[in-house]
Amino acid sequence: MKNTALTHIHESLGAKMLPFAGYNMPILYEGVNIEHEVVRNGVGVFDVSHMGEFLLTGANALALIQKVTSNDAATLTIGKAQYSCLPNNDGGIVDDLIIYKMKDEQYLLVVNASNIDKDWNWIAAHNTMDVEMRNLSDDYSLLAIQGPKAVQAMQPLSSIDLSSIQYYHFEVADFAGIDNVIISATGYTGSGGFEIYCKNEDVEQIWNTVFEAGAAFGIKPIGLAARDTLRLEMGFCLYGNDINDTTSPLEAGLGWITKFTKEFTNSEALKKQKEDGVSKKLVAFEMQERAVPRHDYEIVDALGNGIGIVTSGTMSPSMNVGIGLGYVTTENSKIDSEIFIRIRKNDVPAKVVKLPFYKK
């Protein structure tokens, strides 16, 4: 079990620690609903240093990225980030990731913690172009400072205007007394804020300074359980739940990051799938009675016929209603379609809705 550079701090704060993606991670501190509320209305800090970071450098770095990812990275300019995925050869997804253009001929790829080795091996296997690849995952820490008060609370810690960093953009600047920190706005909560990438040896100083600066704003540490409820209220996919090696980006509603203006891994098959249409789709649904949908619950129609499976579900802390994502047959995927979630032996009514669930 790996630790992050801040594990000792989480333990000293009384966090409930559990294994997650091979790391000893803080799951909750005070409670999911309390922490969720802090991020929705104030400012909270997640240690997500378990995420993976690969640095790709060289004249062919973009060509390699174009080959292995579904989105068009050629549109990136320095200081811009892009959400994308790594398609496999069988119509599924190796992982979803964020690509940062650091410099000309240099890109940072941020991947899911559970897929670091898998992704590295996949990209390396396609690297026939002498692109220099460096796995920085064990050397870097990542803090997500999220919430509507994040910018105001953290502005004194940097010489750059934090409010000027647009969504899916980033700056390399000073932060909390440390130089050359990546400050990015690619949040996974839907409540604003930014992420801080720094070296492991600097993260404790940054953490302490962040909490001093945020004290007047009610800043709190937030665990991964609230991160899950926050992302689900926005309808953001979680790898391993909503997307995996067998779900295609088109089935998952990720057609917007699947660009057929270039060739990439399995692009011909995916293009054909787009033309022919998919047989199942990832939908968002709200329970019509008080009930909590859970991962792997069966989705059925009015006659009790199986039409799909729940991939993510929770009782929404912001809305106090059961919400979820799941794959259903295409004919049951339209907005306002009535579906049923089989909870134990009861078929509980739900309605297909438009994302996000939570609207500010």
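You'll find the structure just up there.
From a predicted model like this one, the values you see are computed outputs, not experimental measurements.

Novice: Can you help me understand the overall build of the chain in this one?
Specialist: Looking only at helices and strands, the chain features 8 helices and 19 strands. In terms of C-alpha radius of gyration, the chain reaches 21 Å, essentially the compact-globule figure of 21 Å for 360 residues. When its C-alpha atoms are laid out on the principal axes, the chain stretches across 60 × 50 × 40 Å. Per-residue burial for the chain yields a buried fraction of 57% across its 360 residues. For the chain, contacts bridging at least 24 residues in sequence account for 64% of all contacts bridging at least 6. When the accessible surface of the chain is totalled, it reaches about 15,400 Å², and 49% of it is carbon and sulfur.

Novice: Please clarify how the packing of aromatic side chains should be interpreted in this entry.
Specialist: Given two aromatic rings, one states the distance between the centres and the angle between the planes to describe the pair. Under the definition given, this model contains 9 aromatic pairs. Arranged with centres 5.6 Å apart and planes meeting at 75°, the rings of Tyr100 and Tyr197 form a pair that is edge-to-face. Highlighted residues: Tyr100 in strand 6 (residues 93-103) and Tyr197 in strand 12 (residues 193-199), separated in sequence by 97 residues. Here the two residues Tyr100 and Tyr197 agree in accessibility, since each one is buried. Measuring from ring centre to ring centre gives 6.3 Å for Phe175 and Phe194, while their planes differ by 80°; the resulting arrangement is edge-to-face. With Phe175 in strand 10 (residues 170-175) and Phe194 in strand 12, this pair connects stretches of sequence that are 19 residues apart. The class of Phe175 is buried, set by a relative accessible area of 0%. What makes Phe194 buried here is its relative accessible area of 3%.

Novice: Explanation requested: the nonpolar core in the structure shown.
Specialist: Inside soluble globular proteins, nonpolar side chains tend to come together where they are buried. Formed by 45 residues in total, the largest nonpolar core has its most connected members in Tyr100, Leu108 and Ile243. Of the residues forming this core, the biggest block, 5 residues, is contributed by helix 7 (residues 224-234). Residue contacts for Ile243: discarding those within four places in its chain leaves Tyr83, Ile93, Asp96, Cys237, Leu238, Ala252, Leu254 and Tyr327. Ranked by size, the runner-up nonpolar core spans 32 residues in total, among them Ile160, Ala173, Ala176 and Val210.

Novice: Please explain the sheet that holds strand 8 (residues 132-135) as it appears in this structure.
Specialist: Each strand in a sheet pairs with another by means of backbone hydrogen bonds, the pair being arranged parallel or else antiparallel. Spatially, 5 strands are ordered 5-6-7-4-8 in an open sheet, and the strand pairing comes out antiparallel. Of all the strands in the sheet, just strand 5 (81-87) and strand 8 have a single pairing partner and so form its edges. Averaged over all pairs of adjacent strands, the angle between their axes in this sheet comes to 25°, without regard to strand direction.

Novice: How should I be thinking about the environment of Gln106 in this particular structure?
Specialist: Counting through the fold element by element, Gln106 comes out in strand 7 (residues 106-111). As a C-alpha pair, Gln106 and Asn60 span 46 residues in sequence and 9.5 Å in three-dimensional space.

Novice: Can you walk me through the side chain of Ser158 in this structure?
Specialist: Following the sequence through the fold, Ser158 ends up in the loop between helix 5 (150-154) and strand 10. For Ser158, a relative accessible area of 9% gives the class buried. Of note is the side chain of Ser158, whose polar atom sits 2.7 Å from the backbone oxygen of Asp174. If sequence neighbours within four positions are ignored, Ser158 has contacts with Ala173, Asp174, Phe175 and Ile183.

Novice: Whenever I open this one, the pattern of salt bridges confuses me. Can you help?
Specialist: As a working rule, side chains carrying opposite charge can pair if their charged atoms are close by. Counted by the stated rule, this structure contains 11 salt bridges. Of the charged contacts in the structure, one is a salt bridge between Lys220 and Glu30, with a shortest N-O distance of 2.9 Å. Placement of the pair is Lys220 in strand 13 (residues 220-221) and Glu30 in the loop between strand 2 (23-28) and helix 2 (32-41), with a sequence separation of 190 residues. Since its relative accessible area comes to 48%, Glu30 is described here as partly exposed.

Reading guide: rules and limits
Residues numbered from 1 in each chain as written. Predicted model: local features only at pLDDT ≥ 70, side-chain atom pairs only at ≥ 80, totals over all residues. Heavy atoms only, no water. Helix = DSSP H or I, 4+ residues; strand = E, 2+ residues; numbered from the N terminus. Rg over C-alpha atoms; globule rule 2.2 N^0.38 Å. Buried < 20%, exposed > 50% of the residue type's maximum accessible area, 1.4 Å probe, protein only. Contact = heavy atoms within 4.5 Å. Areas by Shrake-Rupley, 256 points an atom, 1.4 Å probe, with all protein chains shown as cover. Phe/Tyr/Trp six-rings, centres within 6.5 Å; stacked < 30°, edge-to-face > 60°. Core = buried A, V, L, I, M, F, W, Y, C linked by side-chain atoms within 4.5 Å. Pairing = 2+ DSSP bridges. Axes fitted to C-alpha atoms, helices over the stretch in contact; angles between N-to-C directions. Polar contact = N/O pair within 3.5 Å; in protein donor to acceptor, adjacent residues only side chain to side chain. Salt bridge = Lys/Arg side-chain N within 4 Å of Asp/Glu carboxyl O.

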